[in-house]
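Now for the letters of each chain:
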Amino acid sequence: MSDQGSGEPMLSVEDLSVVFRTDKERIHALDGVSFDIHEGETVGLVGESGSGKSVTARSILGLVDDPGRIESGSIRFRGEDLTETGWMDARGDIAIVFQDPSGSLNPVYTVGNQIREALRIHQDLTGRAARREAIRLLESVGISDAPGRVDAYPDEFSGGMRQRAVIATALACDPDLLVCDEPTTALDVTIQAQILDLLDDLQREEDLAVLFITHDMGVISEVADRVNVMYAGEVVERAPAGRLFSDPAHPYTRGLLASIPGVHEGGERLLTIDGEVPTPNEAPTGCRFAARCPKAFGACDHTHPDHVALDGDQSAACLLFDEDHSAPVSPGTGLPGPADTDSAARTDGGEE
Amino acid sequence: MKRLRYLGKRFLLAVPVVWLGTSFTWFAVFMGPIDPAAALVSDADPTASDKYQSIRTKLGLDQPPLQQYIDFMTDMAVFDLGRTWVVYSGTNVNTLVLDFLPQTLWLGFWSVLIAVFVGVPLGFYAGTRSNTLADYLTSFSGISWRAMPNFWLAAVVLSLLINSEALFGIEWELLGVRTGAITGNPGLGYMADNPLNLFLQPGNTLAAVKKVAPAALVLGSASMGNEIRIGRTAVMEVKNEQYIDFARAKGVSGGRLVWKHVFRNALVPLVPIITTEAFLLVGGSVLVESVFGISGMGSLFLRAAIEGDIPVLGTLMYVFILMLVGINLFQDVLYTLIDPRIGLEGDA
Amino acid sequence: MTVSRDDPRGVSQTSTGSRLLQNPKPATVWASVAAVLLGLELGAVLEFASSIALDSVRAFNGIQAVPFSVGTGALVGFERWAADLPRLLSRETVPSSGYYSTVSGEWVVGPVYFDGGQWVGTFLGLEPAHAWLVRVAVVYLYTGVGLVWLWVGYRWYRSHYRVADWTPRDDVVDRFRSHYWGLFGFAIVLLFLSTVVFGPTLAPTTNQVNNVDPYSYQIQYWNADAGAVEEVAVGNANSQSTSTGSANVGLWSYDDFGRFHPFGTMPSGQDLFTFIMYGARLSLTIGLVTIGLSTLIATSLAMASAYYRGRVDLGLVLLSDSIMALPGLLVLIMLSVVLGGTWLANVFDGGLLLALIFAGAGWPGLWRAIRGPALQTAEREWVDAARGLGQRPSTIMRKHILPYIAGYLLVYGSMSLGGVIIGIAGLSYLGLGVNPPVPEWGRAIGLGQPYIGTSSWHISIVPGVLITVVVIGFNALGDGIRDAIDPKSDTDAADTGGVDRGGGA
C-alpha cells in the first residue's frame, strides 16, 4: 500500500451527475458522486451491478455517449476540469481496461497493430521502434513468445491472454491513472489471480494510480487502499480499506460484507441482501436503500441522507449517523442478524 | 492454412449444390409436362411431323431416362452445351454464350460498381449520422430503391433519357462521349484483339460505359438500397462496440477512428450481400437487358423462354448456376481477406 | 406469498366465460356494433362467399385428373341473388356515373347549374368526381369504424374478460404502438387491404364492363352536337377515350362521354383505376396463397429440422441451398414456360400456377429465416420435458415450438409478400404471368411503357408507384413487427434479400 496521498489529488470527481434520457424517462445513472484519487494509490469502487460503477469509469474517460449526458459536477485531472476542457489532452494519461477482454480489441487488426497505434499517438514511436516496444510491452504483461504473438489477431488469443494484451495496449499510452472496470470478472479464477498480480506489479513498477472497479468485495480487499461503496448511482460510504472491512458503517456495506463467503467467522449461513438495485428514474426523495435496508426507519423514506464524517477518514451517507435524526439503532453494533434480514424480506415483499 | 482449408471446404460444398441444381433443371426440362421436342415444332400436330422425330433422336429423347440424365450431366460437365433449335436456329450454344456473355458481364460489373460506390458510402454516412434528418432521408431513399421494380425503373429511366433534351436541355446521346442510340449493345469489339485496349483506348471504354450506365444503374438499384440499409446498421452496431470505446480511450479520434476502426469492421456484414446481389443481378438482367435492348445472357434466356426453346433454357440455366456458385465462392475468398476470424471458429 | 391487493380481478380466478356472464354489457355493445356493420354489407358478404365457392368449384372442375365435374347452376343463381341485395358500399348506393344534361326533365334531383344543366344519374346529382369521392369517403369511413371496433374489442377483452392481467403479447402490442416506422407500414398495408377488399366498390365501373366484354354494355351520354341523350356501347366509348401518344385522358379527368377516370384511361381506353383495383385483388390473392403455401412448407420443415436435427437438418440445408442457388426469376420464367401448357395454367387464369411456382422457389428463404429460432426453441427445457412426458413429436412441434416461431413467420411473411407482388408484376410485364386480359399491375406498366415520355405517362407511372409504396409498406410492417417481438434483434436484411425482391424483378 502506498501512502494515503497528501496534497492535491491527481483526480478529483466532484458531485458528478450523469443522466440517461429515454423516450419515457430520465434515468439518473450517477447522482452527486464524489471521490479523489492521489498519485500512486489504488482506489476501489464497489457495488452491485447497476449501481453506476461503469458509468463512473466511462465518465472519467469521457466515453458517456447519447442518450447519456454529464449533467453537472466536475472531473478534475491534474487541476483541469475535463468536463470543460474536453478529454483530448488527457487521453492516454488516463487509460482503461474493460471487463470483457474479447470486446476491447478490434478483431480485424493484429494485437501489435493496436498497441503500435497507441505508441504512435502517445510516445511518437513508429516503424521498427514501435514494433520493438510493442513486443517489450507484451513481454512485460507476461505473454510468452511475444515476438511471435505480436502479429496474431485477437481471436487467436485466449481470454486471459487477451486481457494481458489489453493491459499492454493501455500501458502503451504511458498512463498515470489506470481505470480497471471489472478487469477480472470475465476470467477464470486462476487467471483472475494472475491478472491481479500483474496489475499489482505494474502499479509498483510504473508508479500508476489505479481506480479499481468491481462488485467483488474479496478482490477489493486485496488491491485497494481506499474504497468507495456505490449504490444506485450514489457513493454511500467511503473509507480506507482496512477500516471498511473491520468496521463498516453503512447498512448496505455491511450487507455486502456479510454476503462474502468466509469473511465473518462463525456465521452458519451466508447472508444476502434481498431485492435489486432500484432503477433511479427520478430524483431521490428519501434514501434509495431504504426499501431493502434492515435498519430503515420513518425518516429514511423522505429524507435524502448526506455524507456524515466518521472517525478515521470514514464517511457514510446514512441517517443512522445523522444527529438531526434520532437513530433508533446506534452505529457499530455489528452485522445485521437474521431477524434483520427477515425484516428486509418483508419490506421487499410489500414492494412487489 | 486454416483459411485455405476453409476455402477448400466451401468449394467442396459447392459441388453438390451445382449437381442438385442442374439435376432439377434437367428434370424440369426433360421430364416435365412439356415435350421439349414438341415445343420446338410449331406444327398443329407436332408429334406427326418428321422433324419431330429427328429432333427427338438428336435430343436423345428416345433413350431411357437414366441414360438421358447421364448424357445431359456429362455434356454439361465437359461444357458441351449443345445447339439451339429456334433461337438463332442451329447455332452452337457455346458460341452463343461466348457472344452474349461479355455484354452481361460488362453490365453486371458496372452495376455492382455503381451500387457499391454509391450505396456503401451513403449507408456509412447515414450510420455515422444516425437519427438525423440526413439519416432519415438517406435510409428512406435506400428503402425506396429496394422497393422499386427493376423493369418499371428501367422503363422510366429510358423515357427520361429519350426526352433528355426537353427535360434537361441536353440530349443524352451528346452528353460527354457521343453514342449512337440510347438502347443497344455497348461496343466491346475493340477489346477483342487486345483486352488491354480497355486502358489503351479510353474513348471507346468511356463510350461503352456510358452505353450501359443507365441499365447498370437500374440493375444495381435494389442492391444499392440493400447496401445503404445494411451499411447503416453495420456502422451503428460497430459504433457501439467496446473496441471503439477502447480505441477512443487510447486517444484515437476523428477520421482515423471512423475509417480505421468503424468502417473496416462495418464492411464485414456487407460481404454476404454480394451473393444476394448476384441473384438480383442475374434475375434483373432478364428484364433490364430486354428494356434496354442489350444482347446479354438475360435477354437470350428470355428469348429462349418465349420462343419455347426449352433445351436451350436448360443449358443456359446451368451456365447461370455456375455463375452464381462462382460468385458465392468469390464472396468466401473476400470474406477471408476482410475478416481474420474466418476459419478460426470452426464452421462460419 | 399471496396477492393481497384490493383488486377484484385478482381475487376471483375465474374463466373468461364466467367473466362474460358477470359483465355482459361490453360484449353486448360490441356484438351489436358488429351486427350493424355486418348488416350494412350483408349482400357483399353473401356474394363474396358464393363467389369463392363458385371459383373453387370451377377450379375443381379444371383439374382434369378428376373424372367427374360438379354442377354450378345453383351456385350461380345464389350469387346472382346475393349480388342484387342492397348494401351500403356499392356503386348503386352512391352512383358516380351519369351524364351532364342541359335538358331539364322529371328525373332532375340535384342542384341546378347556372347554365340550366345538371348531372343526371349520379349521387344527389353531384358531379361524378364528387360523387366518386363521396363513395371513397364512405368506404374508408366504414373501414375506419371497423378498425376502431376491432381495437375497442381488444381493449375491452383485455380489461373485462381476459383472466390474465398481463401477457407478453401486451408488451409486443405496446412496443409496436410506439414504433413509428412500423405504424407507417401498418397504415399503408391497411389502406392497401381495404382498397383490395372494397376495390370493386371503389372502381368507377366493373372489370367485366371495362375490360372483359365492353361491347355488351351500353352507357347513356349527352351528345352536345345532337343536343340529346344517346346510348353508346362501352367498347365504342372506350375506343374514343384512349390514352396514347396523341390522345390522352389523364389523371382526374373526364372523357367525352362524361365518364370520370380518377387515374385516367389506358392505351385502349379502359379505365385505369378499375384495372388497378382488380389487379390489386389478383396480386394480393396470389401473394397470400404463395406466402401461405411457403409458410406451410417452411414451418413444417423448420420444425422437423429443430426436432430431429442431425441428418434431417443437414439434408434440408443441402436441399434449400440448392434451390436458393438457382437464380430466382429465371426459375420462375422457366417453370412458367414448362408448366404453361398444362391444366394448372388455366386454374384462376394461371394464378394458382404462379402461386405454386413462387411458393416452390420461395420456401427455402423463409425456412432459413425461421430455422434458427426453431432450433433455439427446441433446446429449451420445456421441449425436453414434453419429450420426457412421452408426447408425440407432432404435438411437441405444434404446441411447444410453433408458438415461438409464429412471430418470425409474420415478419418474414410480410417482407416476402412485397417481393412476390414485384415478382408477379415482373412476369406479367414479360407476358408470362396471368393470362390476358386479366388485369395485373405489371401488364399495365408494360402497356403504358411506350407512352411514359408523352402526356399519357400515367399508365405506367401510377401502377409502378403503387407497387413501390405497397412493397415499402409491407417491409416497414415487417420491420415493426420484428422490433416489437424481439427488440434486440439485428436488422439482417441479407437474410431475405433474395426472396423479398421477387428474384430480381
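Since we're looking at a predicted model, the values are computed, not measured.

### Side note on the overall build of chain B
Secondary structure summary: chain B contains 15 helices and zero strands in total. Seen through its C-alpha atoms, chain B measures out along the principal axes to roughly 80 × 60 × 40 Å. Among the 348 residues that make up chain B, the fraction classed as buried is 53%. The long-range fraction of contacts in chain B, counting pairs at least 24 apart against all pairs at least 6 apart in sequence, stands at 73%. Approximately 15,000 Å² of chain B is accessible, and the part contributed by carbon and sulfur atoms is 66%. Here chain B carries 24 positive and 26 negative side-chain charges, and the mean point of each set is 14 Å from the other.

### As for the environment of Leu375 of chain C
Residues and elements named next belong to chain C. Note that Leu375 resides in helix α15 (residues 351-378). Sequence-wise, Leu375 and Tyr100 are 275 residues apart; in three dimensions their C-alpha atoms are separated by 67 Å. The residues contacting Leu375, other than those within four sequence positions of it, are Ser305, Ala306 and Arg309.

### Describing the interface of chain B and chain C
Counting residues at the interface gives 50 residues for chain B and 54 residues for chain C. Summed over both sides, the interface of chain B with chain C buries roughly 4,400 Å², with 76% coming from carbon and sulfur. For chain B, the biggest contributors to the area lost against chain C are Arg146, Phe151 and Trp152 of chain B; these three give 14% of the whole. Across the chain B-chain C interface, the total number found is one salt bridge. A salt bridge links Arg229 of chain B to Asp479 of chain C, with the nearest nitrogen and oxygen atoms 3.0 Å apart. Where chain B meets chain C, there are two residue pairs in polar contact (both at pLDDT 80 or more). Mapped by element, the contributors of at least two residues to the side of chain B that touches chain C are α1 (2-31), α6 (133-147), α7 (150-162), α10 (202-239), α13 (273-292), α14 (297-306) and α15 (310-338) of chain B. In terms of residue count, the dominant contributor to the side of chain B that touches chain C is α13 of chain B (ten residues). Of the residues contributing to the side of chain B that touches chain C, the split by class is 36 nonpolar, eleven polar and three charged.

### So, unusual backbone geometry
Omega for the peptide link from Pro436 of chain C to Pro437 of chain C comes to 5°, which places this bond in the cis form. Its location among the elements puts Pro437 of chain C in the loop between α17 (393-429) and α18 (441-448). Phi at Arg78 of chain A takes a positive value of approximately 50°, unusual for a residue other than glycine. Its place among the elements puts Arg78 of chain A in the loop between β4 (68-77) and β5 (80-81). For Arg78 of chain A, a relative accessible area of 40% corresponds to the partly exposed category. Positive phi, close to 55°, is recorded for Asp124 of chain A, a residue that is not glycine. Among the structural elements, Asp124 of chain A can be located in the loop between α4 (111-123) and α5 (127-140). Under the relative-accessibility criterion, Asp124 of chain A is labelled exposed at 69%.

### Observations concerning the domain arrangement of chain B
All names here are of chain B. Looking at chain B, the domain boundaries give domain 1 (1-86 + 308-348) and domain 2 (100-306). Between the C-alpha centres of domain 1 and domain 2 there is a distance of 29 Å. Contacts between the two partners involve 18 residues from domain 1 and, on the opposite side, 18 residues from domain 2. Each partner contributes to the roughly 1,800 Å² buried at the junction of domain 1 and domain 2, and carbon and sulfur atoms together form 80% of this total. When the area that domain 1 buries against domain 2 is broken down by residue, the three leading residues are Phe320, Leu324 and Ile338, summing to 31%. Linking domain 1 to domain 2 there are zero salt bridges. Tallied by class, residues from the side of domain 1 that touches domain 2 come to 13 nonpolar, three polar and two charged.

### Here we look at a nonpolar patch on the surface
All names here are of chain B. On the surface, a cluster of nonpolar side chains totalling about 460 Å² of accessible area is made up of Leu160, Leu167, Phe168, Ile170 and Leu175. Of note, Phe168 is situated in helix α8 (residues 164-168). Note on Phe168: relative accessible area 55%, which makes it exposed.

### Digging into the sheet that holds strand β11 (residues 307-309) of chain A
Residue and element names in this part refer to chain A. In space, the eight strands of this open sheet follow the order β6-β7-β8-β3-β9-β10-β12-β11, with mixed pairing throughout. Edge positions in the open sheet fall to β6 (94-97) and β11, since each of these has one partner strand only. Within this sheet the neighbouring strands show an average axis-to-axis angle of 20°, counted without direction. Pairing analysis gives two bridges linking strand β10 (residues 234-240) to strand β12 (residues 315-317), with the strands arranged antiparallel. Across the sheet, residue Glu237 finds its bridge partner in β12, namely Ala316.

### Overview of the pairing of strand β9 (residues 226-231) of chain A
All names here are of chain A. Burial analysis of β9 places six of its six residues in the buried class, the great majority of the element. Taking every second residue as pointing to the same face, both faces of β9 are buried, with Arg226, Asn228 and Met230 on one and Val227, Val229 and Tyr231 on the other. Bridge analysis of strand β3 (residues 42-46) against β9 gives four bridges, and the strand direction is parallel. The residue bridging Val43 from the neighbouring strand is Arg226, located in β9. Where β9 and β10 come together, six bridges link them in antiparallel fashion.

### A few points about the interface of chain B and chain A
Residue-level contacts link 21 residues of chain B with 33 residues of chain A. For chain B, the biggest contributors to the area lost against chain A are Gln242, Phe246 and Lys250 of chain B; these three give 29% of the whole. Linking chain B with chain A are five salt bridges. For the salt bridge of Glu117 of chain A with Arg256 of chain B, the shortest nitrogen-to-oxygen distance reads 3.8 Å. There are 15 residue pairs in polar contact (both at pLDDT 80 or more) connecting chain B and chain A. Residue assignment for the side of chain B that touches chain A shows that the elements contributing at least two residues are α11 (242-250) and α12 (254-266) of chain B.

### Quick notes on the packing of aromatic side chains
Evaluated as defined, the whole model comprises 30 aromatic pairs over all chains. For the pair Trp259 of chain B and Phe263 of chain B, a centre-to-centre distance of 5.0 Å together with 75° between the ring planes defines the contact as edge-to-face. With Trp259 of chain B and Phe263 of chain B both in helix α12 and four residues apart, the pair spans about one turn of that helix. Looking at Phe263 of chain B, the relative accessible area reads 12%, which means it is buried. Ring centres 5.0 Å apart and planes at 85° place the aromatic pair Trp252 of chain C and Phe260 of chain C in the edge-to-face group.

### A word on the pattern of salt bridges
Oppositely charged side chains can pair when the atoms bearing their charge come close. Evaluated as defined, the whole model comprises 34 salt bridges over all chains. The salt bridge partner of Arg26 of chain A is Glu71 of chain A, with a shortest N-O separation of 3.3 Å. In this pair, Arg26 of chain A sits in strand β2 (residues 26-37) while Glu71 of chain A sits in strand β4, placing the two residues 45 residues apart along the sequence. Note that Arg248 of chain B is salt-bridged to Asp65 of chain A, the shortest N-O span being 2.9 Å. Highlighted residues: Arg248 of chain B in helix α11 and Asp65 of chain A in the loop between α1 (53-61) and β4, drawn from two different chains.

### Focus on the environment of Trp156 of chain C
All names here are of chain C. Mapping Trp156 onto the fold places it in helix α6 (residues 128-161). For Trp156 and Gly448, which are 292 residues apart along the polypeptide, the C-alpha to C-alpha distance reads 50 Å. When near neighbours in sequence (up to four residues on either side) are disregarded, Trp156 contacts Pro26, Val29, Trp30 and Tyr161.

### What about a negative patch on the surface?
Negative charge collects at one region of the surface, where Asp174, Asp197, Asp201, Glu205, Glu206 and Glu222 of chain A lie side by side. With four residues, the top contributor of residues to the negative patch is helix α8 (residues 189-206) of chain A.

Conventions and cut-offs
Residues numbered from 1 in each chain as written. Chains lettered and ligands numbered in written order. Predicted model: local features only at pLDDT ≥ 70, side-chain atom pairs only at ≥ 80, totals over all residues. Heavy atoms only, no water. Helix = DSSP H or I, 4+ residues; strand = E, 2+ residues; numbered from the N terminus. Buried < 20%, exposed > 50% of the residue type's maximum accessible area, 1.4 Å probe, protein only. Contact = heavy atoms within 4.5 Å. Areas by Shrake-Rupley, 256 points an atom, 1.4 Å probe, with all protein chains shown as cover. Lys, Arg positive; Asp, Glu negative; His and termini not counted. Charge placed at Lys NZ, Arg CZ, Asp CG, Glu CD. Buried area = accessible area lost by both parts, 1.4 Å probe. Salt bridge = Lys/Arg side-chain N within 4 Å of Asp/Glu carboxyl O. Polar contact = N/O pair within 3.5 Å; in protein donor to acceptor, adjacent residues only side chain to side chain. Nonpolar A, V, L, I, M, F, W, Y, C, P; charged D, E, K, R; others polar. Domains from an automatic or database assignment. Patch = residues over 30% accessible without salt bridge, like charges linked within 9 Å, V, L, I, M, F, W, Y side chains within 5 Å. Pairing = 2+ DSSP bridges. Axes fitted to C-alpha atoms, helices over the stretch in contact; angles between N-to-C directions. Phe/Tyr/Trp six-rings, centres within 6.5 Å; stacked < 30°, edge-to-face > 60°.

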